[in-house]
Amino acid sequence: MRVKWTSLFGVILLVTSLRVACSAQDATGTTLAAGVPHLQKQGNATQLIVDGKPYLAMAGELSNNAATSLENMDTIWPRLVAANLNTALIGVTWAQFEPEEGKYNYVQVDGVIAKARENHMHVVLIWFASWKNGTSSFAPYWVKKDYQRFPRIQINDGKTVSISGPLELLSTFGSETSDADAKAFGALMKHIGEVDGTQHTVVMVQVENEVGVLRDTRDRSPDANRAFAGPVPAKLMQYLEAHKDSLIPEFRDVWAANGYKNSGTWEEVFGPGKPANVEIPIQTTSPPMSALEHSNSWQSLHWPSDEIFMAWNYANYVQKVVETGKAAYNIPMFVNGWLQQPNHAWPGTFPSGGPLPEVHDVWRAGAPSVDILAPDLYLESFDEVCQRFTRNGNPLFIPETNSNPANVIVAVGKYNAIGFSPFGIDGNRPIAADLSGAYSMLEQLAPMILARQGTDSVTAVRMIQGDEPKSVKLGNYTLTFTYAGRNSRLPPQARGQVVGSAPPPGTAANSLDAPLEAAAVLISTGPDEYYFGGGGMRVDFTANSPGPGNVGLGDVQEGKFVDGKFVVTRQIAGDDDAQGEILVLRPNNIVRVTLYRYP
Ligand code: DGJ
């Protein structure tokens with residue numbers, strides 16, 4: 001048969017263009033197979049793309065061992081679905097995956113993936129391997145008992161300090177340990193690529209869990225001491241030089257205080273480490289801290305060279321594991337940090353060397369394949385932590401936190417979060433209704449929010465009782481929010497509202513309700529149109545562009561999204577918006593508003 005060259009060329013072109021259409025590039029420009037989860041920049045946000053679309057993980061993390069028995073999971077899946085979760089963070093333990101060296105057990109991970117699919121959920125796997133909360137309890141028996149081949153951390157001086165000597169924590173200086181961990185993780189990822197490379201149930205992987213040295217500021221094993229007395233590796237020095245202008249300020253301050261040296265030992269470049277015979281107090285508040293240090297200590301480095309040294313060594317170890325995993329199946333991978341607590345300032349009271357904001361630059365230099373440095377965020381200062389974790393383009397994913405629905409609204413609306421995940425979601429207590437409500441509301445608004453993340457047309461606001469009104473400039477208007485509480489009633493003095501008349505439908509008073517932490521995501525969808533998700537607040541609009549000074553409420557519609565379309569459930573006017581004067585947002589509600597201007 002004679003082949004017509006023009007048709008052959010046409011076929012080649014078609015195949016080529018199909019391949020282009022079916023592939024995407026990740027944030028680093030690497031070409032990916034069709035639909036494989038990856039990260040992608042949009043404005044100043046970074047989004048998780050699954051099956052070609054941005055994905056918002058309304059998640060929960062299961063307790064550590066929940067999925068070590070698939071049977072145990074049977075009652076958990078329906079509870080997650082009923083609470084509107086679309087994603088579960090689930091641990092895979094090295095001990096269970098590789099009970100004998102080189103023999104892998106895929107039963108658990110296959111079972112988790114199968115059940116997630118049945119329940120229409122996605123999964124973020126957690127690789128509990130060399131470290132979990134600094135310790136090494138999830139390492140396999142054959143690793144635990146081979147003390148020579150898989151060395152442990154040593155702390156303090158072994159003499160004068162009460163907790164001294166080797167600890168049951170694997171040392172980053174065991175190259176056989178990192179090889180073994182990486183090999184097992186590579187096998188796991190290869191398998192996930194084989195069973196999930198087209199369906200994409202597994203969307204990300206957390207590698208290790210809350211790494212770092214506990215009870216001392218650094219590892220003092222002979223190998224560690226040798227490295228600490230030696231020069232700061234050129235690779236780290238070069239990274240710092242190249243990024244000098246954009247380094248995290250609290251880190252740069254440490255380098256600057258020591259004269260921005262571009263070579264030298266760790267102590268020459270970053271200042272003194274803690275002497276081995278100085279004991280770490282359980283709480284590092286006072287003494288030796290001053291009152292000022294007590295209030296701000298958790299935001300700065302103490303014994304910086306020790307923490308920086310450990311961050312470098314953990315980052316390099318984790319890099320090896322992540323690189324091996326990604327070579328087998330390349331999906332986004334992140335590490336999580338146990339944060340400094342206000343009364344735990346010295347490294348070692350929190351795992352020293354974990355991916356905390358003050359050492360993010362060190363992690364970026366040592367573990368370039370790690371996509372996200374994530375906070376386990378139980379602190380009250382939620383917004384501040386989000387700000388510290390989104391510097392220099394670090395995407396925000398919160399793998400562990402509590403169930404405060406205001407936090408998920410703010411994380412997604414204001415800090416472009418990829419996902420939010422309260423810890424221990426399978427616990428005995430029911431999943432909080434407020435959280436499920438917030439998840440449902442955000443999932444409905446997700447296409448609208450995700451299309452705008454990284455731009456200035458979406459944000460969020462939160463308020464507590466007693467707050468002064470807050471103003472936010474968004475689109476063509478300035479929006480001023482006043483706290484209204486759980487029932488979000490109109491004030492009796494509202495113009496047109498008869499004092500003592502019945503409360504508007506759906507806003508029945510209940511003065512016994514606990515005060516609500518009000519929060520709403522605000523989306524500007526047109527020159528005179530907004531969507532709001534959530535509430536507990538009233539909103540006033542002021543025009544911030546030339547034209548008539550007064551602003552009227554046009555359409556006010558409560559509704560829900562069905563198959564991506566907004567369906568109005570209640571058209572609001574009259575008593576429910578103070579005769580067109582006051583917009584009230586109620587918790588976990590979706591509202592569409594149009595505005596007009598008049599002289
Ligand atoms: C943080 C750890 O990362 C989790 O695995 C879990 O143990 C929680 N702490 C418990 O609060």
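Going by the structure above, here's the rest.
## Observations concerning the nonpolar core
Trp77, Leu80, Trp127, Phe270, Trp363 and Val408 are the most contacted members of the largest nonpolar core, which totals 127 residues. Residue contributions to this core peak at 11 residues, all from helix α13 (residues 304–328). Once you skip the residues sitting within four places of it in the chain, tryptophan 77 turns out to touch Ala88, Ile90, Val112, Lys115, Ala116, Asn119, Met121 and Val123. Counting residues in hydrophobic clusters, the runner-up holds 25 residues, among them Ala520, Met537, Phe541 and Leu595.

## So, the packing of helix α7 (residues 175–196) against α13
At a closest axis distance of 8 Å, the pairing of α7 and α13 adopts a crossing angle of 25°. Here α13 runs roughly parallel to α7, going by the angle between their axes. Crossing of α7 against α13: the hand is right-handed. Every residue of α13 that contacts α7 at Ser175, Thr177, Ser178, Asp179, Asp181, Ala182, Phe185, Gly186, Met189 and Lys190 is listed here: Tyr317, Lys320, Val321, Val322, Thr324, Gly325 and Ala328. Residues that form the contact of α7 with α13 fall into these classes: seven nonpolar, six polar and four charged.

## A few points about the site of the ligand
Neighbouring residues of the ligand: Asn64, Lys132, Asn133, Asn209, Glu210, Asp376, Glu400 and Phe423. Within the side chain of lysine 132, an N or O atom sits 2.8 Å from an oxygen atom of the ligand. One nitrogen or oxygen atom from the side chain of glutamate 400 is found 2.5 Å from an oxygen atom belonging to the ligand.

## Notes on helix α10 (residues 249–257)
Those residues of α10 not exposed but buried are Glu250, Phe251, Val254 and Trp255. Projected onto a plane normal to the axis of α10, the buried residues spread over an arc of 145° and lie on a single side. For α10, the exposed residues set more than 90 degrees away from the buried face come down to Asp253 and Ala257. Packing partners of the buried residues in α10 comprise α9 (234–242), α11 (266–270), α13, α14 (360–366) and α15 (382–389). With its phi angle positive at about 85°, glycine 259 sits one or two positions after the end of α10.

## A few points about the packing of aromatic side chains
The full count for this structure, using the stated rule, is 28 aromatic pairs. Geometrically, the ring pair formed by phenylalanine 228 and phenylalanine 309 is edge-to-face, given 5.0 Å between the ring centres and 75° between the ring planes. Of this pair, phenylalanine 228 sits in helix α8 (residues 222–229) while phenylalanine 309 sits in helix α13; the two residues are 81 residues apart in sequence, bridging distant segments of the chain. Considering the side-chain rings of tryptophan 303 and tryptophan 346, the 5.6 Å spacing of their centres and the 85° angle between planes classify their relative orientation as edge-to-face. Here tryptophan 303 is found in the loop between α12 (291–296) and α13, whereas its partner tryptophan 346 is found in the loop between β12 (333–338) and α14, with 43 residues between them in sequence. With a relative accessible area of 23%, tryptophan 303 lands in the partly exposed category. Grouped by ring-pair contacts, the aromatic residues Phe173, Phe228, Phe251, Trp266, Phe270 and Phe309 constitute a single cluster. Just above the ring of phenylalanine 228 sits the side chain of arginine 218; from NZ or CZ to the centre is 3.9 Å. Lysine 244 extends its terminal NZ or CZ atom over the ring of tryptophan 255, reaching a point 5.5 Å from the ring centre.

Rules behind the numbers
- Each chain has its residues counted from 1, running along the sequence as written.
- Two thresholds apply to this predicted model, a pLDDT of at least 70 for residue-level local features and 80 or more for giving and counting side-chain atom pairs, whereas whole-chain, interface and lining totals are computed over all residues.
- Values reported for side chains reflect all heavy atoms of the structure, with hydrogen atoms and water molecules removed beforehand.
- Side-chain atoms within 4.5 Å are what join buried Ala, Val, Leu, Ile, Met, Phe, Trp, Tyr and Cys residues into a set we call a nonpolar core.
- Three labels apply to residues, based on accessible area from a 1.4 Å probe with only protein chains included: buried if under 20% of the type maximum, exposed if over 50%, partly exposed otherwise in between.
- Strands here are runs of E lasting at least two residues and helices are runs of H or I lasting at least four, both read from the DSSP assignment and numbered beginning at the N terminus.
- We call two residues in contact whenever any of their non-hydrogen atoms come within 4.5 Å of each other.
- Axes here mean lines fitted to C-alpha atoms, for a helix over just the part in contact, with angles spanning 0 to 180 degrees between N-to-C directions.
- Just so you know how the angles are binned, under 35 degrees is roughly parallel, over 145 roughly antiparallel, 65 to 115 roughly perpendicular, and the rest oblique.
- If you view the pair so one helix is near and one far, a crossing is left-handed when the near helix is turned anticlockwise from the far one by less than a right angle, and right-handed when it is turned clockwise.
- Following the grouping adopted for this structure description, the nonpolar residues are Ala, Val, Leu, Ile, Met, Phe, Trp, Tyr, Cys and Pro, the charged ones are Asp, Glu, Lys and Arg, and the polar ones are all others, Gly among them.
- Proximity is defined per residue: any heavy atom of the residue falling within 4 Å of a molecule or strand makes that residue near it.
- Here a polar contact is recorded for every N or O atom pair within 3.5 Å, except that within protein the pair must consist of a potential hydrogen donor and a potential acceptor, and residues adjacent in sequence are included only if both atoms are side-chain atoms.
- Directions from the helix axis toward the C-beta atoms define the arc.
- What counts as a ring pair is set by centres within 6.5 Å for rings of Phe, Tyr and Trp (its six-membered ring), and what kind of pair is set by the plane angle: stacked under 30 degrees, edge-to-face over 60, tilted for all other angles.
- Whether a charge lies above a ring is judged from NZ of Lys or CZ of Arg, which has to be within 6 Å of the ring centre and within 35 degrees of the ring normal.

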